Amino acid sequence: MKKLLFSASIALLATGAFAQSTMTGSDARFGLKAGVNLSKFRASDFNGSSEFNDNVQNNVGFNVTAFADFGVGNNFFIQPGVSLQNKGAKFEQTTTVAGVTNTTSSKANLMAIEVPINAVFRIPTGDAGAIQISAGPYVGFNISGKNKYETVTTGGNAAGTVTNEDDLKFGSSTDKDYSSTDFGANFGLAYRTNSGFLVGANYGLGLSNLVPKDSRSGDGKLTNRVLGFSVGYSF
């Protein structure tokens with residue numbers, strides 16, 4: 001009898017722990033997360049696309065996202081959000097002529113508001129928390145940005161540093177720097193504790209052409225690539 005009661009107690013405790021770690025279709029929660037972005041542009045079908053992609057470097061930015069989780073089934077939910085994303089790219093080139101070395105760097109720094117809608121599958125890990133695997137589309141709106149240029153000269157009589165900074169312009173005409181809208185797909189992996197803290201990584205695959213519509217030629221395309229890391233809390 002004691003063994004039977006002990007076994008029943010263990011079964012009840014295990015069932016309780018599983019219930020606490022399962023998100024059902026009636027559950028909803030809200031959260032905030034923030035972190036670091038490593039972003040770059042990718043060129044395709046341009047003359048010189050391979051050289052461009054070989055030389056482009058990551059721009060270090062940030063991300064801040066408010067989101068909601070709406071359960072649609074056991075351990076499966078939809079996660080819409082609103083996000084501020086700092087994207088862009090960096091380039092650097094060094095040339096030496098007659099003993100004079102010029103190191104030229106340029107940095108495109110873009111700020112965008114994104115609206116992602118992800119489908120998230122949750123894999124409970126006991127009463128500690130759960131692994132979350134997500135994927136879904138996003139639409140983004142470029143709202144501001146700057147191009148920063150710097151040339152450092154060493155050797156000769158012209159040694160020194162020259163810097164310049166321009167505001168980016170967004171739209172479809174030829175006098176714009178980039179398109180004003182962007183859409184693509186997100187893929188994410190995160191871990192959320194049952195107390196609400198989460199840590200994760202996300203990859204943003206841009207699908208729309210960042211070259212302004214009136215400046216496009218042939219099939220040439222410029223798209224975003226963003227690897228983001230974040231920590232946050234949901235309740």
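Analysis parameters
Residues numbered from 1 in each chain as written. Predicted model: local features only at pLDDT ≥ 70, side-chain atom pairs only at ≥ 80, totals over all residues. Heavy atoms only, no water. Phe/Tyr/Trp six-rings, centres within 6.5 Å; stacked < 30°, edge-to-face > 60°. Lys NZ or Arg CZ within 6 Å of the ring centre and 35° of its normal. Core = buried A, V, L, I, M, F, W, Y, C linked by side-chain atoms within 4.5 Å. Buried < 20%, exposed > 50% of the residue type's maximum accessible area, 1.4 Å probe, protein only. Helix = DSSP H or I, 4+ residues; strand = E, 2+ residues; numbered from the N terminus. Contact = heavy atoms within 4.5 Å. Pairing = 2+ DSSP bridges. Salt bridge = Lys/Arg side-chain N within 4 Å of Asp/Glu carboxyl O. pLDDT = per-residue confidence, 0-100. Lys, Arg positive; Asp, Glu negative; His and termini not counted. Polar contact = N/O pair within 3.5 Å; in protein donor to acceptor, adjacent residues only side chain to side chain. Patch = residues over 30% accessible without salt bridge, like charges linked within 9 Å, V, L, I, M, F, W, Y side chains within 5 Å. Areas by Shrake-Rupley, 256 points an atom, 1.4 Å probe, with all protein chains shown as cover.

Quick word on the packing of aromatic side chains
Move 1: Inspection of the entire model under this criterion finds four aromatic pairs.
Move 2: Taking the ring centre of Phe 77 as reference, the NZ or CZ of Arg 29 above it sits at 5.3 Å.
Move 3: Sitting over the ring of Phe 67, Lys 33 keeps its end group 5.5 Å from the ring centre.

Remarks on the nonpolar core
Move 1: With 12 residues, the main nonpolar core is built from Phe 41, Ala 43, Val 56, Ala 89, Ala 108, Leu 110, Leu 168, Phe 170, Tyr 178, Leu 210, Val 211 and Leu 222.
Move 2: Every element with two or more residues in this core is listed here: β1 (28-44) and β4 (100-124).
Move 3: If we ignore the near neighbours within four places in the chain, the residues touching Ala 89 are Ser 39, Lys 40, Phe 41, Val 56, Gln 57, Asn 59, Ser 106, Lys 107 and Ala 108.

Some details on the pairing of strand β3 (residues 76-97)
Move 1: The sheet contact formed by strand β2 (residues 59-73) and β3 spans eight bridges and is antiparallel. Paired with Thr 65 across the two strands is Ser 83, which belongs to β3.
Move 2: Connecting β2 to the next strand, β3, in antiparallel fashion are two residues, including Asn 75 with a positive phi near 60°.
Move 3: With 20 bridges joining them, β3 and β4 adopt antiparallel strand pairing. By the bridge assignment, Thr 95 is partnered in β4 with Asn 102.
Move 4: Linking β3 to β4, which pair antiparallel, is a turn of two residues; within it Ala 98 sits at a positive phi near 55°.

Let's talk about the pattern of salt bridges
Move 1: On inspection of all chains with the given rule, the structure shows six salt bridges.
Move 2: With its nearest N and O atoms 2.6 Å apart, the salt bridge here joins Asp 167 to Lys 146. With Asp 167 in strand β6 (residues 160-167) and Lys 146 in strand β5 (residues 129-154), the pair connects residues that are 21 residues apart, well separated along the chain.
Move 3: Here the residues in one salt-bridge network are Lys 146, Lys 148, Glu 165 and Asp 167, joined through shared partners.

Remarks on the confidence of the model for the chain
Move 1: Confidence in the prediction of the chain, expressed as mean pLDDT, is 89, and 90% of residues score 70 or more.
Move 2: Per-element averaging of pLDDT across the chain places helix α1 (residues 2-20) at the bottom with 38 and strand β8 (residues 197-206) at the top with 98.
Move 3: This model gives residues 1-20 a pLDDT under 50, and the stretch forms zero contacts once residues within four places in sequence are excluded.

Quick word on the side chain of Arg 225
Move 1: By the secondary structure assignment, Arg 225 is in strand β9 (residues 221-234).
Move 2: For the buried residue Arg 225, which engages in no salt bridge, the nearest side chain bearing the opposite charge is Asp 182, 8.0 Å off.
Move 3: For Arg 225, the side chain forms a polar contact with the main-chain oxygen of Gly 206, separated by 3.1 Å.
Move 4: One polar contact links Arg 225 to Thr 223, side chain to side chain, over a distance of 3.0 Å.
Move 5: Each residue touching Arg 225, except ones within four places of it in the same chain, is listed here: Leu 38, Ser 39, Lys 40, Arg 42, Tyr 203, Gly 204, Leu 205 and Gly 206.

Points about the pairing of β9
Move 1: The pairing of β1 with β9 spans 14 bridges and is antiparallel. Of the residues in β9, the one forming a bridge with Ser 39 is Val 226.

Remarks on a nonpolar patch on the surface
Move 1: A contiguous nonpolar patch, built from Val 82, Ile 113, Val 115, Ile 117, Val 139, Phe 141, Ile 143, Phe 183 and Leu 207 and spanning about 730 Å² of accessible area, is present on the exposed surface.
Move 2: Residue assignment for the nonpolar patch shows that the elements contributing at least two residues are β4 and β5.
Move 3: By the element assignment, Phe 183 lies in strand β7 (residues 181-193).
Move 4: The class for Phe 183 is partly exposed, based on a relative accessible area of 46%.

Some words on the environment of Asn 47
Move 1: Counting through the fold element by element, Asn 47 comes out in the loop between β1 and α2 (49-55).
Move 2: The class for Asn 47 is exposed, based on a relative accessible area of 84%.

A word on unusual backbone geometry
Move 1: Unusually for a residue other than glycine, Asp 45 sits at a positive phi of about 60°.
Move 2: Secondary-structure assignment places Asp 45 in the loop between β1 and α2.
Move 3: Residue Asp 45 is classed as exposed on the basis of its relative accessible area, which comes to 59%.
Move 4: Positive phi, close to 60°, is recorded for Asn 75, a residue that is not glycine.
Move 5: Mapped onto the secondary structure, Asn 75 falls in the loop between β2 and β3.
Move 6: By relative accessible area, which is 9% here, Asn 75 ends up buried.

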